[in-house]
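If you want the building blocks of each chain, they are given just below.
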Amino acid sequence: MKTLTTLIITLILSQTLWAKSKETIFVEAESFSNTGGWVIDQQFINEMGSPYLMAHGMGIPVKDAETIVKFPKTGKYYLFVRTKDWAAQWSDAEAPGRFQVLINGKPVNKTFGTEKNDWDWIKGGEVEITQKETSIALHDLSGFNGRCDALIFSADPEFNPVNELNALTAYRHKMLGIPDKPKNAGTYDFVVVGGGMGGVCAAISAARLGVKVALIQNRPVLGGNNSSEVRVHLGARIKQDPWPNLGNLVNEIGPERGGNAQPKDYYEDDKKLKAVLAEKNITLFLNCNADGVEMEGNKIAAVTAQSIITGERFIFKAPLFADCTGDGTIGVLAGADFMQGRESRDVFGEPTAPEVSDNLTMGASVQWFSNKKEKPAPFPDIKWGIEMNEEKSHALTRGDWDWETGMGVDQTKDFERVRDYGMLVVFSNWSYIKNHSSVKDKFANEQLQWVAFIAGKRETRRLVGDYVLNENDLRNHTVYPDGTAPTTWTMDLHYPHPENAELFPDAPFRSIAKHIEIYPYPIPFRCLYSKNVDNLLMAGRHISVSHVALGTTRLMRTIGMMGEVIGMAASVCKKENTTPRGIYNNYFAQMEKLMDKGVGDTSLPNKQTYNLGGTLKK
Amino acid sequence: MNKNKLTSSMIITLIAVIILLSSSFDIRFINKSEPAFHFLTEDSINIEVIALFEQDSVLSGYKAYVFSPVCEDTTCYPVELEFYWDVLGRFQRYEIFPGRELTKLDHKPFTDADYKTLSKLLLNNEPAFLEMKREDLVVKVKKDTVDGYTGATIAAIKNEVIAGAVYSCYTLWHIAHGIVADSIKNHTQKHFNQELLKKLFDSGEIEVAYYLTSRLNEDQCFTFLPEIQKLLSESGGFLAQHILDQLPQKVISSESFQNSMVSIMPNLDYYAQKSLLQRLDGTLTSDKLGKVLAESIEPRGSLHNELIIEIFCDNKSQLDPELYQTFLQQLLTKQVMLNKIQSENIKELVKNDKQLKVYLKNLKQKGLVQ
Ligand SMILES: Cc1cc2nc3c(=O)[nH]c(=O)nc-3n(C[C@H](O)[C@H](O)[C@H](O)COP(=O)(O)OP(=O)(O)OC[C@H]3O[C@@H](n4cnc5c(N)ncnc54)[C@H](O)[C@@H]3O)c2cc1C
């Protein structure tokens with residue numbers, strides 16, 4: 001039996017990745033052997049080139065991150081640190097994310113995180129290295145999200161690091177000795193990318209039906225938005241007509257308690273992990289970010305990925321893939337057709353669609369909460385935030401789903417700005433409430449306990465399938481013979497909160513929801529595979545639906561059931577040696593029989609009874 | 001208007017009001033009510049439910065006198081009111097008794113707003129505390145005094161309950177929505193009569209339709225066949241499927257029902273059709289419906305096709321021989337790939353029939369049979 005340690009290939013090298021050319025040494029921050037209180041953030045690799053370390057202390061400086069670097073020789077080096085002043089785009093005041101580099105415990109004479117509003121190499125000046133094995137540490141000064149991608153020590157006074165993304169990646173690989181050819185991570189029947197509810201259920205479902213699966217997830221935990229990193233509770237209904245046995249799997253792995261932005265244990269990360277580890281047919285790759293594909297004609301032959309800790313590269317081969325990234329990343333890499341923004345009314349004749357198409361998507365959320373302490377808990381009176389006053393601020397102890405921003409921004413390309421703004425408003429608001437508000441006495445003992453640094457997304461790209469589900473299908477309950485997971489939540493679309501948008505016209509951060517109730521509606525199988533990439537299934541918020549229809553399909557219990565369904569499809573593809581479209585055309589009866597049974601445990605009581613949402617069935 | 005006229009008109013109005021009052025009193029008085037059943041609350045309080053009737057024999061709803069102790073924090077006090085449900089056990093409203101108004105923590109009387117909140121809560125089928133245990137409703141917070149603890153309602157339910165009466169809310173909701181709802185449904189079924197069923201069908205409510213169609217006996221189904229057919233043709237969601245899953249087998253097997261499905265079946269959604277097909281296996285008696293089935297065979301492989309093929313292979317003796325030709329012709333025209341079991345069944349089907357054997361030959365030629 002595989003043990004836990006061999007099963008979770010977390011791809012951590014025992015030693016920090018640091019690398020040297022003759023006189024230059026490259027140190028990846030995320031590879032530090034002890035990351036202390038700093039978190040690894042991989043959300044923006046495609047924007048800035050790498051995972052990085054961030055001091056997410058909510059105003060309290062975090063513990064040092066530290067590693068030992070081996071130098072080829074002692075002596076004088078020039079230090080470069082890749083970082084940025086993340087709030088500079090909104091404020092000229094002193095930068096929030098300040099930190100120092102410590103060499104053998106002594107700070108270099110320079111404070112980092114104070115300049116450049118985009119990622120760049122900042123000169124740290126001359127440093128003296130007196131031992132071949134030297135401790136290098138990142139020392140946080142503020143607790144407000146200082147960040148460091150990498151450090152370079154060069155003995156060459158003329159040295160100038162590259163910053164252009166492609167050149168930098170090539171340089172990184174060269175310096176770290178990462179070969180051009182990725183390591184073979186194995187050949188599977190089915191490779192699932194993304195470990196949110198969709199990916200986890202797809203992997204388990206396929207595995208239970210005898211399919212050999214690799215599950216690739218770019219975080220240390222499973223669950224995606226339902227993990228303790230984002231803290232969104234599951235919504236919508238399982239066990240619905242016409243497939244009342246779909247969803248037992250969601251019930252097996254889903255948390256028993258509801259609530260957004262609640263304490264960590266509400267989200268039961270372990271339950272999902274254990275469920276995956278219990279399947280002998282699944283090999284789990286945590287901390288592994290998929291970033292490339294190899295194609296053979298219209299088919300994906302392999303997916304490549306990078307460890308977010310060591311930078312090592314891997315290749316996964318299979319006849320069938322599932323994109324469960326939420327962003328349709330694998331599809332887009334493979335050239336799949338996709339949609340983004342709102343379709344105009346004439347595209348599908350949807351009553352709720354705008355006359356003219358636009359780029360409005362729903363936003364992303366940085367949720368948060370505070371806890372009451374025994375003693376007063378001061379919070380810095382920050383100057384780098386956005387301006388707040390009685391009218392603009394919110395005297396709350398929790399930021400729920402309706403703290404939402406970035407609508408209309410391309411959240412696949414400019415997401416660091418969206419996430420950072422999400423954090424900025426939380427800190428700005430809190431600082432005002434704690435230090436200036438008329439109710440500040442009431443908040444004296446409240447301490448900011450948790451602010452997400454992994455922003456929760458709702459909508460980016462939607463991949464085009466053989467069918468695009470739209471509002472009219474849902475409103476008129478026009479069901480199709482290839483119906484699968486029933487979607488039950490209302491068509492729930494978000495818009496900027498009118499008052500907040502008036503107060504913050506450039507970037508509102510509160511939202512409202514508008515709902516249209518529907519009958520439980522089985523999502524056509526043709527929405528769960530790409531139209532032009534022949535071996536790509538999908539489950540998540542990026543399936544083939546219109547912007548309006550996404551209002552209902554993006555709920556995570558529904559997405560879990562989509563996962564269950566595409567896991568079944570993987571088993572039929574394997575058995576009949578066919579493609580997803582082949583299933584639709586020739587073998588759908590087998591799918592119907594599988595959906596009739598479901599793959600979950602039918603004997604468990606239904607614990608998925610919170611956050612069901614309205615439905616017309618009642 | 002002079003004074004006399006005013007007083008006389010006032011008197012007339014007064015008389016009218018009295019007549020009105022007494023007549024409504026009369027209706028109430030004449031209307032029958034009878035003890036229906038008892039149930040135990042989660043706190044083991046025995047509650048008697050009374051069935052209410054209009055026009056003597058038509059059930060119109062239920063009521064119960066609810067008297068239950070509730071403890072908020074450390075003080076316990078009785079809660080006393082009357083609950084009303086409809087014939088499906090759906091909570092309708094409550095009434096309080098004069099002089100016995102509800103109270104909150106520290107014996108503060110309910111305000112108007114509290115009564116409204118209670119009403120709203122009791123009418124909500126899925127309150128936030130639905131799955132919570134009683135002990136999860138409040139968090140213990142330390143009071144300023146030594147050893148003193150007080151409960152603070154947890155944030156998730158705060159907006160739906162009354163501060164200082166959280167346990168009353170919880171207890172009363174569970175009485176209104178607990179075991180009683182199912183007991184009422186069962187009791188109502190015992191009182192089904194023509195008038196009540198008619199009234200229920202006429203309500204047009206989807207929940208009522210679900211309830212009715214899973215509880216009617218064969219005779220009642222035949223009596224209300226037009227109503228059922230109407231629901232099948234016009235209902236939304238998955239009601240049609242549910243009805244076809246639930247109807248007694250005798251109804252499904254009857255030729256009258258099957259003939260009525262000739263025009264309805266093609267307009268049913270895929271899932272309702274599938275339920276009907278599942279029920280028709282071995283019981284297809286209507287040639288007309290058989291023709292509709294044969295013609296609905298589709299080129300794409302689906303369970304729908306498999307079921308139709310099964311129906312024809314299992315029904316041989318009962319149907320018009322010509323129908324089999326139509327069926328086999330459809331398989332040919334739509335080029336349906338038959339799996340091993342289906343191929344065997346088709347061979348068995350045509351075994352003793354020369355004409356049908358020709359179709360098998362053609363199917364073989366096209367490579368559709370294994
Ligand atoms: C604040 C908020 C409130 C919401 N409220 C609700 C609610 O109440 N109920 C509800 O059901 N839904 C709710 N939603 C919507 C729902 O959370 C999303 O639609 C849902 O997360 C979509 O699930 P998913 O599996 O598609 O994506 P995710 O949950 O994002 O999962 C995808 C996973 O894949 C990983 N991944 C992405 N790219 C890669 C890659 N290249 N390589 C490896 N791994 C990758 C991600 O890290 C992530 O863990 C809410 C969303 C937000 C933001």
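Since the structure is predicted, the reported quantities are computational estimates derived from the model, not experimental observations.

### Points about the overall build of chain A
Across its full length, chain A carries 14 helices and 32 strands. Computed over its C-alpha atoms, the radius of gyration of chain A comes to 25 Å, within 12% of the 25 Å expected for a compact globule of 618 residues. Counting only C-alpha atoms and orienting by the principal axes, one finds that chain A spans roughly 70 × 60 × 45 Å. Buried positions account for 64% of the 618 residues belonging to chain A. Summarising the internal contacts of chain A: among those between residues at least 6 apart in sequence, 78% fall at separations of at least 24. Averaging the positions of the 69 positive and the 74 negative side-chain charges in chain A gives two centres separated by 5 Å.

### A look at the environment of A:Gln306
All names here are of chain A. Within the secondary structure layout, Gln306 lies in strand β18 (residues 299-307). On a C-alpha basis, the gap between Gln306 and Ala290 in space is 6.4 Å, while along the polypeptide they are 16 residues apart. For Gln306, the residues in contact, after removing those within four places along its chain, are Pro51, Asn287, Cys288, Asn289, Asp291, Gly311, Glu312 and Arg313.

### Topic: the confidence of the model for chain B
Low-confidence regions, as indicated by low pLDDT, have predicted coordinates that should not be scrutinised in detail. All names here are of chain B. Scored by pLDDT, chain B has a mean of 86; 88% of the residues are at 70 or more. Within the model, pLDDT remains below 50 along residues 1-6, and this stretch shows one contact once partners closer than five positions in the same chain are excluded. Ignoring residues within four places in sequence, the model shows residues 142-149, a span with pLDDT below 50, making nine contacts including any to other chains. Here the predicted complex scores 0.87 on pTM and 0.79 on ipTM.

### A word on the environment of B:Thr111
For B:Thr111, the location among the structural elements is in the loop between β5 (91-96) and α2 (112-123). Each C-alpha atom of the pair B:Thr111 and B:Glu101 lies 9.8 Å from the other, and the pair is 10 residues apart in sequence.

### Points about the site of the ligand
All names here are of chain A. Neighbouring the ligand are 35 residues; Asn218, Asn225, Gly235, Arg554 and Met556 lie closest to it. One of the side-chain N or O atoms of Asn611 is found 2.9 Å from an oxygen atom in the ligand. Out of a free accessible area of 980 Å², the ligand has 92% covered by protein chains. Across the shell around the ligand, the residue classes break down as 12 nonpolar, 18 polar and five charged. When residues of the shell around the ligand are assigned to domains, at least three fall in each of domain 2 (183-257 + 266-350 + 460-597) and domain 3 (364-456).

### Things to note about the domain arrangement of chain A
Reports often express the size of an interface as the amount of accessible area lost when the parts come together. Residues and elements named next belong to chain A. Under the domain assignment used here, chain A contains domain 1 (2-176), domain 2 (183-257 + 266-350 + 460-597) and domain 3 (364-456). For domain 1 and domain 3, the distance between their C-alpha centroids amounts to 27 Å. By the criterion of area lost to domain 3, the three top residues of domain 1 are Met58, Trp90 and Phe144, representing 29% of everything that side buries. Here domain 1 is connected to domain 3 by four salt bridges. A salt bridge links Arg147 to Asp420; its shortest N-O distance comes to 2.8 Å.

### Some remarks on the sheet that holds strand β7 (residues 99-103) of chain A
Residue and element names in this part refer to chain A. Read across the sheet, four strands follow the order β5-β10-β7-β8 without closing on themselves; strand pairing throughout is antiparallel. Both edges of this open sheet fall to β5 (65-70) and β8 (106-107), since each of them pairs with a single strand only. Sheet topology places β7 next to β8; two bridges connect them, and they run antiparallel. Paired with Ile103 across the two strands is Lys106, which belongs to β8.

### Examining empty space enclosed by the protein
A complete count under the given rule lists two cavities of 30 Å³ or more for this structure. The computed volume of the largest cavity comes to approximately 60 Å³. What lines the largest cavity is simply A:Ala364, A:Ser365, A:Val366, A:Trp403, A:Glu404, A:Thr405, A:Val418, A:Arg419, A:Gly422, A:Val425, A:Ala455 and A:Phe509. Listed by contribution, the elements that provide at least two residues to the lining of the largest cavity are β22 (364-365), β25 (404-405) and α9 (415-435) of chain A. Top contributing element to the lining of the largest cavity by residue count: α9(A), with four residues. The volume enclosed by the second largest cavity comes to roughly 40 Å³. Lining the second largest cavity, in full, are B:Tyr77, B:Pro78, B:Val79, B:Leu102, B:Thr103, B:Phe110, B:Ser168 and B:Leu172. At the level of elements, β4 (75-85) and α4 (166-177) of chain B are the ones that each hand at least two residues to the lining of the second largest cavity. Broken down by element, the lining of the second largest cavity gets its largest block of residues, three residues, from β4(B).

### Things to note about the pairing of strand β15 (residues 213-216) of chain A
Residue and element names in this part refer to chain A. Along β15, one buried face is formed by Val213 and Leu215 and the opposite face, lined by Ala214 and Ile216, is buried too. In this fold, the crossover linking strand β14 (residues 190-193) to β15 by way of helix α4 (residues 197-208) has right-handed handedness. In this structure, β15 lies alongside strand β16 (residues 282-285), joined through four bridges in parallel fashion. Of the residues in β16, the one forming a bridge with Ile216 is Phe285.

### Points about the packing of helix α13 (residues 556-576) of chain A against helix α14 (residues 580-597) of chain A
Residues and elements named next belong to chain A. It is the contact of α13 with α14, at a shortest axis distance of 9 Å, that shows an interaxial angle of 115°. For the element pair α13 and α14, the recorded crossing hand is right-handed. Across the interface between the two elements, Val565, Met568, Ala569, Ser571, Val572, Cys573, Lys575 and Glu576 of α13 pack against Pro580, Ile583, Tyr587, Gln590, Met591, Leu594 and Met595 of α14. Within the contact of α13 with α14, the residues separate by chemical class into 11 nonpolar, two polar and two charged.

### Notes on the interface of chain B and chain A
With 19 residues of chain B in contact, the opposing surface of chain A contributes 26 residues. Overall, the association of chain B and chain A removes approximately 2000 Å² of surface from exposure, summing both partners, and the carbon and sulfur fraction of that is 58%. On the chain B side of the interface with chain A, the three residues burying the most area are B:Phe238, B:Tyr271 and B:Arg300, jointly 32% of the side's total. For the pair chain B and chain A, the number of links is three salt bridges. The salt bridge partner of A:Arg237 is B:Glu126, with a shortest N-O separation of 3.3 Å. Counting the contacts that link chain B with chain A gives nine residue pairs in polar contact (both at pLDDT 80 or more).

### As for helix α6 (residues 194-202) of chain B
Since there are 3.6 residues in each turn of an α-helix, residues three or four apart along the chain are aligned in direction. Residue and element names in this part refer to chain B. Where α6 is concerned, the buried positions are Leu196, Leu197, Leu200 and Phe201. Seen from one end, α6 has its buried residues packed into an arc of 130°, which puts them on one side. Turning to α6, the residues buried within the fold contact β3 (58-72), α5 (179-190), α7 (206-213), α8 (218-223) and α9 (225-234).

### A look at the pattern of salt bridges
Residues and elements named next belong to chain A. For the coordinates displayed, the defined rule picks out 59 salt bridges over all chains. A salt bridge links Asp120 to Lys116; the shortest N-O distance between them is 3.1 Å. Taking relative accessible area as the criterion, Lys116 reaches 44% and is therefore assigned partly exposed. The shortest N-O distance in the salt bridge between Asp482 and Arg526 comes to 2.7 Å.

### Let's talk about the state of the cysteines
Residues and elements named next belong to chain A. Applying the stated criterion across every chain yields a total of zero disulfides over all chains. As a non-bridged cysteine, Cys527 has Cys324 as the owner of its nearest cysteine sulfur, 15 Å distant. Overall, Cys527 belongs to the buried group, its relative accessible area being 0%.

Analysis parameters
- Residues numbered from 1 in each chain as written.
- Chains lettered and ligands numbered in written order.
- Predicted model: local features only at pLDDT ≥ 70, side-chain atom pairs only at ≥ 80, totals over all residues.
- Heavy atoms only, no water.
- Helix = DSSP H or I, 4+ residues; strand = E, 2+ residues; numbered from the N terminus.
- Rg over C-alpha atoms; globule rule 2.2 N^0.38 Å.
- Buried < 20%, exposed > 50% of the residue type's maximum accessible area, 1.4 Å probe, protein only.
- Contact = heavy atoms within 4.5 Å.
- Lys, Arg positive; Asp, Glu negative; His and termini not counted.
- Charge placed at Lys NZ, Arg CZ, Asp CG, Glu CD.
- pLDDT = per-residue confidence, 0-100.
- Near = heavy atom within 4 Å.
- Polar contact = N/O pair within 3.5 Å; in protein donor to acceptor, adjacent residues only side chain to side chain.
- Areas by Shrake-Rupley, 256 points an atom, 1.4 Å probe, with all protein chains shown as cover.
- Nonpolar A, V, L, I, M, F, W, Y, C, P; charged D, E, K, R; others polar.
- Domains from an automatic or database assignment.
- Buried area = accessible area lost by both parts, 1.4 Å probe.
- Salt bridge = Lys/Arg side-chain N within 4 Å of Asp/Glu carboxyl O.
- Pairing = 2+ DSSP bridges.
- 1 Å grid on protein atoms, 1.4 Å probe; cavity = no way out; pocket = protein on both sides within 12 Å on 5 of 7 lines; lining within 4 Å.
- Points joined across faces, edges and corners; volume = space filled by probe spheres on them.
- Right-handed = clockwise from strand over helix to strand, strands pointing away.
- Axes fitted to C-alpha atoms, helices over the stretch in contact; angles between N-to-C directions.
- Left-handed = near helix turned anticlockwise from the far one by under 90°.
- Arc of directions from axis to C-beta.
- Disulfide = S-S within 2.5 Å.

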